[in-house]
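Below are the chains, spelled out letter by letter.
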Amino acid sequence: MTLARSAALFRAASQIFPGGVNSPVRSFGRVGGVPRFMARGSGPYLFDVDGNRYTDYVLSWGALAHGHAHPAVVDAIRTQAGLGTTFGAPTELETALAQRITHALPSMEMLRFVSTGTEAVMSAVRLARAATGRDVILKFDGCYHGHADALLVEATLPPGIPRAVAERVVVVPYNDLAIVERACAFIGDDLAAIIVEPVAGNMGLVLPRDGFLAGLRALATRVGALLIFDEVITGFRIGWGGAQGHFGVTPDLTALGKVIGGGVPAAAYGGRRDLMSLIAPQGPVYQAGTLSGNPLSMAAGIAALDRLEHEGFARTSAAAATLAGAVGDIMRRAGIPVRSHSLGAAWGFFFSDVDVVDHETAMNADGSMYARFFHALLAEGVYLPPSPLETAFVSTVHDEAVIASTIDAFAAAANALPATCFARA
Ligand code: PMP
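Computed from a prediction, not measured in an experiment: that's the story for all the values here.

Quick notes on the rules
Residues numbered from 1 in each chain as written. Predicted model: local features only at pLDDT ≥ 70, side-chain atom pairs only at ≥ 80, totals over all residues. Heavy atoms only, no water. Helix = DSSP H or I, 4+ residues; strand = E, 2+ residues; numbered from the N terminus. Expected span 1.5 Å × (residues − 1). Contact = heavy atoms within 4.5 Å. Near = heavy atom within 4 Å. Polar contact = N/O pair within 3.5 Å; in protein donor to acceptor, adjacent residues only side chain to side chain. Areas by Shrake-Rupley, 256 points an atom, 1.4 Å probe, with all protein chains shown as cover. Nonpolar A, V, L, I, M, F, W, Y, C, P; charged D, E, K, R; others polar. Core = buried A, V, L, I, M, F, W, Y, C linked by side-chain atoms within 4.5 Å. Buried < 20%, exposed > 50% of the residue type's maximum accessible area, 1.4 Å probe, protein only. Salt bridge = Lys/Arg side-chain N within 4 Å of Asp/Glu carboxyl O. Pairing = 2+ DSSP bridges. Axes fitted to C-alpha atoms, helices over the stretch in contact; angles between N-to-C directions.

Trainee: Please explain helix α3 (residues 71-83) as it appears in this structure.
Mentor: An ideal rise of 1.5 Å per residue puts 18 Å on 13 residues; α3 measures up with 18 Å between its terminal C-alpha atoms. On its buried face, α3 is in contact with α4 (92-104) and α12 (295-311). In the segment just after α3, Gly84 is the residue with positive phi, at about 120 degrees.

Laid out in structure tokens, this is it:
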């Protein structure tokens, strides 16, 4: 596999972009090696600038429900591009996409389009603070909610985040309701919101324990705080109704992104009508955006969601389960401890001999083994997330033949792994 052009482009990019990239995880920092520079995508495949083909399970970090350049989405974009890409004035398309979203996620009685997941979550948090008149946000270690100041706060203070902001954020382990309860008691009546990825997708794929989300719902209600579900990954990915539909737990506010733009930037936040009515210009909570709800993104999003509603989730869910099961079986046969699972079109695995339930257990999984498997798969033409702490996806165009050839690649790549090298990183 030649990488000469990617290597040359990465050298040039490194002169002009920090780390050579425009979003950190693209740099292959956790797996090493040269990031592949992509030339084009088609269906389930990516083609790099050296002419190598990869079956893509990153899918722009979950944004592409139908793979690359799906004809229905391309047609919608092409048509709209000819009619204008942004007007800075309302269009019918915004209402049409919003109606599809509220139909799928009825808790989003009203919503507002923005351009990125970061903006969606940041705005939902502002609204929660305004609606409750409280300041403190409770979030979970290992959940990612974009890069707004408050939402980057972890156990340690990241550079550039004011101490005063961090003091208003409490971070607790995922999946541990008892600690959340203690934290709520400690925070008292200054808790504005509990924010959570209802299925965690940014520490690898980590499922909520039975009762965890319902417990958060009950606690938030009891202490007068709002419950915010960050469904930027899970929305239209684990099922038509997102995690809230799947688990039957209703948040006060929801953030969406990725899939709803059909591969063009779009995100949204929304929820209870009484809360969303506080947003400007209807209410006093300011939030705006030059390209929010632009017709290009709306047209692409409508095409993607219509296709998704038509296709359903049965095939993608089965494909994701097959892939997760295959990794588990192949590693078990090789004597390598692995934990793998899927939910809807999302799937993932950890090189771990204990169940991964939170950030600590995710970080204890063997990252160097993941890096070896990742590169062995890349050589076989399979593109997984270049980090063990991300989630893989399948799209509606990953058909049975594609899945079968990926499983063959798993088996070949597993042969490249030394069975005895498992050690906690
Ligand atoms: N929330 C979650 C759960 C995410 O996974 C992401 C991005 N991966 C974001 C928010 C931020 O979205 P964006 O990158 O569009 O700002």
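Trainee: What am I meant to see in the site of the ligand here?
Mentor: In the region of the ligand, the neighbouring residues are Thr116, Gly117, Thr118, Tyr144, His145, Gly146, Glu197, Asn202, Asp230, Val232, Ile233 and Lys258. Residue Gly117 places a main-chain N or O atom 2.8 Å away from an oxygen atom belonging to the ligand. Within the side chain of Asp230, a nitrogen or oxygen atom sits 2.6 Å from a nitrogen atom of the ligand. Summarising the interface, the protein chains cover 80% of the accessible area of the ligand, which totals 390 Å² for the free molecule. Across the shell around the ligand, the residue classes tally to three nonpolar, six polar and three charged.

Trainee: In this structure, what is going on with the nonpolar core? I would like to understand it.
Mentor: As a rule of thumb, soluble globular proteins bury nonpolar side chains together. One finds Tyr57, Trp347 and Phe351 to be the most contacted residues of the largest nonpolar core, which totals 43 residues. Of all hydrophobic cores here, the second largest spans 31 residues; its members include Val170, Leu216, Phe350 and Ala365.

Trainee: Whenever I open this one, the pattern of salt bridges confuses me. Can you help?
Mentor: Opposite charge on two side chains lets them pair, provided their charged atoms get close. Summed over all chains, the structure comprises eleven salt bridges. Across the salt bridge formed by Arg100 and Asp306, the nearest N and O atoms sit 2.6 Å from each other. Of the two residues, Arg100 is situated in helix α4 and Asp306 in helix α12; the sequence distance between them amounts to 206 residues. For Asp306, a relative accessible area of 31% translates into the label partly exposed. The salt bridge involving Arg222 is made with Glu181; its shortest N-O contact spans 3.7 Å. One end of the pair, Arg222, is in helix α9 (residues 212-223); the other, Glu181, is in helix α8 (residues 177-187), and 41 residues separate them in sequence. Judged by relative accessible area, which is 37%, Glu181 ranks as partly exposed. Through salt bridges with shared partners, a single ionic network connects Arg217, Asp252, Arg272 and Asp274.

Trainee: Any chance you could explain the sheet that holds strand β6 (residues 169-173) here in plain terms?
Mentor: The strands making up a sheet associate through backbone hydrogen bonding, with each pair oriented either parallel or antiparallel. Spatially, the seven strands line up as an open sheet ordered β4-β10-β9-β8-β7-β5-β6, and their pairing is mixed. A single partner strand is all that each edge strand has here, and the edge strands are β4 (110-114) and β6. Between one strand axis and the next, the sheet turns by 20 degrees as a mean value, whatever way the strands run. Set on the sheet, α4 makes contact with β4 and β9 (253-256); between it and β4 the angle comes to about 125 degrees.

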